[in-house]
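Structure assessment
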Amino acid sequence: MTTSLGLPALRCAGRGLGVRILVLFLLPQIGWTVSYKSGDPVTLYVNKVGPYHNPQETYHYYTLPVCRPKEVRHKALSLGEVLDGDRMAESLYLIRFRENTERQVLCQLTLNEKEVEQLRDAVEELYYFEFVLDDIPIWGFVGYMEESGFLPHSHKVGLWTHLDFNIEYNGDSVIFANVSVKDVKPVPLEGGGGAASATGAGLAVTHTYSVRWFESPLPHARRAERLRDYSFFPKTLEIHWLSIINSLVLVVLLLGFVIIILMRVLKNDFARYNVEEEGGCDDLDQGDNGWKIIHTDVFRFPHYKSLLCAVLGVGAQFLTLATGIIVMALLGMFNVHRHGAINSAAIVLYALTSCVSGYCSCRFYTQIHGQHWVWNIILTSTLFSAPLFLTWSVVNSVHWWSGSTQALPATTVFLLLGAWVLVGFPLTVIGGIVGKNRAGNFQAPCRTRNIPRQIPPQPWYKHTAVHMAIGGFLPFSAISVELYYIFATVWGREHYTLYGILLCVFAILLSVGACISVALTYFLLSGEDYRWWWRSVLSTGSTGIFIFVYSVFYYYNRSSMSGLVQSAEFFGYSLLTALVFSLMLGTVSFCASLTFIRYIYRSLKMD
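Every chain's residues receive numbers from 1 upward, in the order its sequence appears when written. Since the coordinates come from a predicted model, pLDDT governs what is reported: local features require at least 70, and pairs of side-chain atoms require 80 or more to be given and counted, while whole-chain, interface and lining totals use all residues. Excluded from the side-chain calculations are hydrogens and water; all other atoms, namely the structure's heavy atoms, are used.

For the chain, the name recorded in an unreviewed UniProt entry is Transmembrane 9 superfamily member, with Albula goreensis as its organism.

Now the structure itself:
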């Protein structure tokens, strides 16, 4: 028996799928305000556990031998929460709004030798847990470890079997919650004592909890401030004026160099080159040297033009994406209670801004007389997505092998693939077609000869490697201080909130990259070397190399991260971060160099 699905049913199914995808993407951006009445149950979700010093190595809380319901019911999560490693499930804790509870028994467990060893290993590796109550994360350590003395050496490992929940409220809403073990003694895992007793069948443990409610003057709209002031994780982020002053001084010096020194040199060049002499332009070419003599070669299109245009297109896309993320952050869309909101926003913006990469790449490719525009679009769409997929495959495989919650489930993988196949790639194609049709002419102020001019030997300080070292180090030095705070946020326990400063540093980074590119391009042309196309991209784009070297330094000298799981994620995504910076700064430096070259050759008097 066969059935057919009518058009109305298809529309309903499509609307249902669209609503599901919309909820998955946008749920973390919605700031729900939950109201409670006295005595109403407040659900406490258990989330994840993991080593304190490895933020990206997390496991489901119920992988430990702890109290759990007979049937584990998971909470529906948004895409951002899944990407953030959240795996929330309902707990056995019974918490009622504004009702205090003292020494309530949660459950009684009998741990076998293997389970005791598992808990002991977790405590020794400084495992912490994360619960979530009304979108408020609650952190605490699984147990307690004490090392004392050398001879005799004492090594004590204990398990926290009692938790005190301290919850603040204002009116009918929850403001803040944390957990305390200040007045509790840990249960030794080596033997019986306290709430645990050793039996022939194993170690019997009784888990208990208390709940205490406190009134808070803070309104619900400002409860994010309360969480920012909480100090379970170390607080190191402050308004770092040293970073801003250092960057601003560097920008002022570079702008002074480019505007004052370079413009004075150009003024002398224009005065010398624009002298009216008999014999026409060819005679002038024979007597002059410097950047004017290569005016018939400077706009000669480079090799690998499709790859160059793809780099510029993807770089423009990431410039748009980064600006959008910072602006959304300034508008307050990423507060500490919206789990994974920035991850969801980044994925949505990456898919939507694919049209920018296709448009910029194919438009410029058509202007420089590219013939294979279809392959250019395919190259543009895979220039970053292919390295991203390969890196993610390796990192996700390591997480899957270790059982970490950072391993994405199959449904999330298909959702992300669908977002790229159904949104990202089609928008790249549409942008490429629009860019091809609106390309126009290249607008070169000088004609290009058929036979290229021979390039004279260049001194060592004008070689590509030297320019990459100079052009990469100066932008990196402008953001080196701020980079530490960004790494401490991404790979640490901090919540970054200084988005205004981040916007200033981002603008400084782009300004420094543009200034350095203009200066290095002028020095290159002064040596009668017209191969500036790729050189302008590589000179400032090499900042990504310095950022990756800094990430290696940060891993070994500024963090306590260790292990295969954390190392694979850190170095894999650090490589992708370096690639993103290289693409962005390479695009900015190329555009600055192209604008500068068009300006100086348009100002020449040539027959």
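In this section: the overall build of the chain. Think of it this way: any DSSP run of H or I at least four residues long counts as a helix, any run of E at least two long counts as a strand, and we number them from the N terminus. Secondary structure summary: the chain contains 17 helices and 13 strands in total. Residue exposure (1.4 Å probe, protein chains only): buried if accessible area is under 20% of the type maximum, exposed if over 50%, otherwise partly exposed. Relative to its full complement of 607 residues, the chain shows a buried share of 50%. Residue contacts follow a heavy-atom distance rule, with two residues in contact if any of their heavy atoms lie within 4.5 Å. Long-range contacts, defined as pairs at least 24 residues apart, comprise 79% of the intrachain contacts of the chain with a sequence gap of at least 6. Areas reported as accessible are Shrake-Rupley estimates using a 1.4 Å probe. Residue values count occlusion only from the protein chains shown. Per element, the accessible surface of the chain, about 29900 Å² overall, is 62% carbon and sulfur.

Taken together, the side chains of Leu-352, Phe-414, Leu-417, Val-421, Leu-422 and Val-423 present a nonpolar region at the surface, about 580 Å² in accessible area. Take the nonpolar patch: its biggest share by element is five residues, from helix α12 (residues 410–437). Locating Leu-352 in the fold gives a position in helix α8 (residues 341–352). Surface patches are drawn from residues lacking salt bridges whose relative accessible area is over 30%; two like charges belong together within 9 Å, two nonpolar side chains (Val, Leu, Ile, Met, Phe, Trp, Tyr) within 5 Å. When a carboxyl oxygen of Asp or Glu lies within 4 Å of a side-chain nitrogen of Lys or Arg, that pair is called a salt bridge.

It is worth spelling out the state of the cysteines at this point. Two cysteine sulfur atoms form a disulfide, by the criterion used here, when they sit within 2.5 Å. All told, the structure shown has one disulfide when counted by the stated rule. What pairs with Cys-67 in a disulfide is Cys-107, and their sulfur atoms sit 1.7 Å apart. Classification of the bridge connecting Cys-67 and Cys-107 rests on its S-S torsion, roughly -70°, and on that basis the disulfide is left-handed. Remark: Cys-107 occurs in strand β4 (residues 101–111) and Cys-67 occurs in the loop between β2 (59–60) and α2 (79–83); sequence separation between them is 40 residues. Accessibility assignment for this pair places Cys-67 and Cys-107 in one class, buried. Between Cys-355, a free cysteine, and Cys-360, which holds the nearest cysteine sulfur, the sulfur-to-sulfur gap is 9.1 Å. Left without a disulfide partner, Cys-591 is nearest to the cysteine sulfur of Cys-360, which lies 8.2 Å away. Accessibility expressed as a relative area gives 42% for Cys-591, which makes it partly exposed.

Our focus in this paragraph is the environment of Ala-76. For Ala-76, the position within the fold is in the loop between β2 and α2. Judged by its relative accessible area of 63%, Ala-76 falls in the exposed class. Separated by 11 residues in sequence, Ala-76 and Arg-87 place their C-alpha atoms 9.1 Å apart.

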